[in-house]
Amino acid sequence: MITPLTRLEPYNFFKLPIMAPSCNPVNSLHVAVIGAGAAGLVAARELRRESHSVVVFDRGTEVGGLWVYTPQSEPDPLSLDPDRTVVHSSVYDSLRTNLPRECMGYSDFPFVPRPEHDESRDPRRYPNHREVLAYLQDFAREFKLVEMVRFGTEVVLVEQEGRKWKIQSRNSDGVSRDEIFDSVVVCNGHYTEPRVAKFPGIDVWPGKQLHSHNYRVPDPFKDKVVVVIGNFASGSDISRDITGVAKEVHIAARSKPSETYENLPGANNLWLHPMIESAHKDGSIAFKNGKVVQADIIVHCTGYVYHFPFLNTNGYITVEDNCVGPLYKHVFPPALAPGLSFIGLPWMTLLFTVFELQSKWVAAVLSGRVTLPSQDKMMEDTNALYAKRDANGFPKRYTHRIGVAQADYLNWIADQIGEPPVEQWRNQELEGGYVRLATQPDTFRDKWDDDHLIVEAYEDFLKKKLISVIPSQILG
């Protein structure tokens, strides 16, 4: 494995190209962007590059969205109370990225370690969440995006008004405001409204329950017997995070065979089971392998649901079993396009790359530089996607799961807007990263076997003049 990056030299290692807006746009529109996270920031940049006038709305006080860590969690640990005080971030204190940093960044602003000798920065290949936030702040600063953001402003209502869109917003002082826009781009993220597991007896089980959305640190789990539902990403992370203080940690994994019972490497108090069979009034949890434990806490690492409480389309756009539709290519609702669009719904993919390419597409469509098919053609394509999903036996909730179709999807959008295909090394890093996550969950962030892809990535950055030199740690 390559020696971890600890220092970059010379000082001008990170160099940015000068970017200019696209020339001669057909239309210059007034566009609202909802959210100033990783999707909203790049959407704002691409819209402005196409000479649109942009206003970004964000409830928070700084850019970064999901990546803005707070030790606070919601008063309802399962986040089911519709009247609860919502905390946007789901980031926990120990979180590190699930993918290598090289493949995570935007195409012209690589996510490489910054050259400044700043101890708050994390140069590791799989950095912590603070490094991701710092990267997004660097991006916003470099492209002067903060000036477009109205912080502390919640979007309360979005609805069509004639051929335009009305947005009602409310600032932190409670003052409401109505405005008219030509177009609305929804970038509000989908890691805030939890999905929780249901199984027999859970309603009478007396222990404590929380969703991973409200997990921050392991301290409250000291000497407890904990059942973690879910074994991907947050489930794997959190179960290992609490083994150092908990008495026992039992993972319930829906995808595992019913006979599964395994002590996982890295801790002698961490056990893997199939899904829960039932819960009981006496505090016991029975798994489908026949094992029974007396548990104190259940942590639901069971994902999230798409949620657009502000959006009124008179029932045209629905969310059914986590399928947002109808949407052409996961972005445009055919009957409302291009006035309304969504950035960032796909998952199991290169998220920042998806955000960027979708944003370029939306911006180009709004300017008239790229044309969408007719409403009927878009619906035909969308229905074909749903039919293929159903024929393959996938549930509706997998509609926006890109997975193995990633390269085809991203390259299709790139082709629409005249961009080059997504780099092969980027796709390969994603695929290898997910394999390591599944097969070596306790070590994948610190041990890898794709050094050649790191070199290829940095050579690509150098060729595109995004960096001025490949650091010796990469070549050595």
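Conventions used here
Residues numbered from 1 in each chain as written. Predicted model: local features only at pLDDT ≥ 70, side-chain atom pairs only at ≥ 80, totals over all residues. Heavy atoms only, no water. Helix = DSSP H or I, 4+ residues; strand = E, 2+ residues; numbered from the N terminus. Rg over C-alpha atoms; globule rule 2.2 N^0.38 Å. Buried < 20%, exposed > 50% of the residue type's maximum accessible area, 1.4 Å probe, protein only. Contact = heavy atoms within 4.5 Å. Axes fitted to C-alpha atoms, helices over the stretch in contact; angles between N-to-C directions. Parallel < 35°, antiparallel > 145°, perpendicular 65-115°, else oblique. Left-handed = near helix turned anticlockwise from the far one by under 90°. Nonpolar A, V, L, I, M, F, W, Y, C, P; charged D, E, K, R; others polar. Expected span 1.5 Å × (residues − 1). Salt bridge = Lys/Arg side-chain N within 4 Å of Asp/Glu carboxyl O. Polar contact = N/O pair within 3.5 Å; in protein donor to acceptor, adjacent residues only side chain to side chain. Phe/Tyr/Trp six-rings, centres within 6.5 Å; stacked < 30°, edge-to-face > 60°. Lys NZ or Arg CZ within 6 Å of the ring centre and 35° of its normal. Pairing = 2+ DSSP bridges.

## What to know about the overall build of the protein chain
Scanning the protein chain from N- to C-terminus turns up ten helices and 20 strands. On C-alpha atoms alone, the protein chain measures out to a radius of gyration of 23 Å, which is about the 23 Å that the 2.2 N^0.38 rule sets for 476 residues. Split into buried and exposed, the 476 residues of the protein chain put 54% on the buried side. Of the contacts formed within the protein chain by residues at least 6 apart in sequence, a portion of 67% connects residues at least 24 apart.

## Details of the packing of helix α5 (residues 351–367) against helix α7 (residues 406–416)
Relative orientation of the contacting elements α5 and α7 amounts to 30°, with a least axis distance of 9 Å. Overall, the two elements α5 and α7 adopt an arrangement that is roughly parallel. The crossing of α5 and α7 is left-handed. The residues of α7 that touch α5, namely those facing T353, V354, L357, Q358 and W361, are Y409, L410, W412, I413, A414 and Q416. Residues of the contact of α5 with α7, tallied by class, amount to eight nonpolar, three polar and no charged.

## Regarding α5
Every α-helix carries 3.6 residues per turn, so stepping three or four residues along brings you back to the same face. Over its 17 residues, α5 runs 24 Å from end to end, which matches the ideal 24 Å to within 8%, given 1.5 Å per residue. Of all 17 residues that make up α5, 16 are buried, and the element is covered over most of its length.

## What about the pattern of salt bridges?
Scanning the entire structure with this criterion turns up 36 salt bridges. Notably, a salt bridge pairs R125 with E429, separated by 3.0 Å at the nearest N-O pair. Taken together, the positions of R125 in the loop between α2 (101–104) and α3 (129–142) and E429 in helix α8 (residues 424–439) put the pair 304 residues apart, joining distant regions of the chain. One exposure class covers both R125 and E429, and it is buried. A salt bridge links D138 to R141, with the nearest nitrogen and oxygen atoms 2.9 Å apart. Here D138 and its partner R141 are both found in helix α3, three residues apart, which amounts to about one turn of the helix. In this structure R141 comes out as exposed when scored by relative accessible area, which is 54%. One salt-bridge network, in which partners are shared between bridges, spans R45, E46, R49, D108, E356 and K360.

## Some words on the side chain of Q406
Mapped onto the elements of the fold, Q406 is located in helix α7. Of the polar contacts made by the side chain of Q406, one reaches the side chain of T349; its length is 3.0 Å. If we ignore the near neighbours within four places in the chain, the residues touching Q406 are T349, L350, N427 and L430.

## Focus on the packing of aromatic side chains
As enumerated under the stated definition, the model contains 28 aromatic pairs in all. Here the aromatic rings of F139 and F143 are separated by 5.1 Å at their centres, their planes lie at 55°, and the arrangement is tilted. Across this residue pair, the class does not change: F139 and F143 are buried. Relative to Y398, the ring of W347 lies with its centre 5.8 Å away and its plane at 90°, an arrangement referred to as edge-to-face. Placement of the pair is W347 in the loop between β20 (340–342) and α5 and Y398 in the loop between α6 (375–391) and α7, with a sequence separation of 51 residues. What makes Y398 partly exposed here is its relative accessible area of 32%. One aromatic cluster is present, formed by Y106, F109, F111, Y135, F139, F143, F352 and F355 through successive ring pairs. Of note, R101 hangs over the ring of F111, and the distance from its end group to the ring centre comes to 4.3 Å.

## Overview of the pairing of strand β4 (residues 153–161)
Alignment of β4 against strand β5 (residues 164–171), held across eight bridges, turns out to be antiparallel. Each residue of the ladder has a partner; that of Q160, found in β5, is W165.

## Overview of the sheet that holds β4
Read across the open sheet, the four strands follow the order β6-β5-β4-β17; overall the sheet is mixed. On the outer flanks of this sheet lie β6 (176–181) and β17 (311–312), each paired with one strand and no other. Note: β4 against β17, two bridges, orientation parallel. Across the sheet, the residue bridging to E159 is N312, located in β17.

## Regarding helix α4 (residues 234–242)
Along α4, eight of the nine residues are buried, which leaves the element largely enclosed by surrounding structure. Residues of α4 that are buried include every one of S234, G235, S236, D237, I238, S239, R240 and I242, and no others. Looking at the buried residues of α4, the elements they touch are β9 (225–229), β10 (248–252) and β12 (270–273).

## Section: the sheet that holds strand β16 (residues 297–300)
Strand order across the open sheet formed by six strands is β8-β16-β9-β10-β12-β11, with mixed pairing between neighbours. Bordering the open sheet on either side are β8 (208–211) and β11 (262–263), each of which pairs with just one other strand. In this sheet, β12 lies alongside β11 in antiparallel orientation, the contact comprising two bridges. Bridge pairing links E262 to L272 in β12. Relative to the sheet, α4 contacts β9, β10 and β12, its axis offset from that of β9 by approximately 170°.

In short, the description is geometric, and any link to function would need to be established separately.
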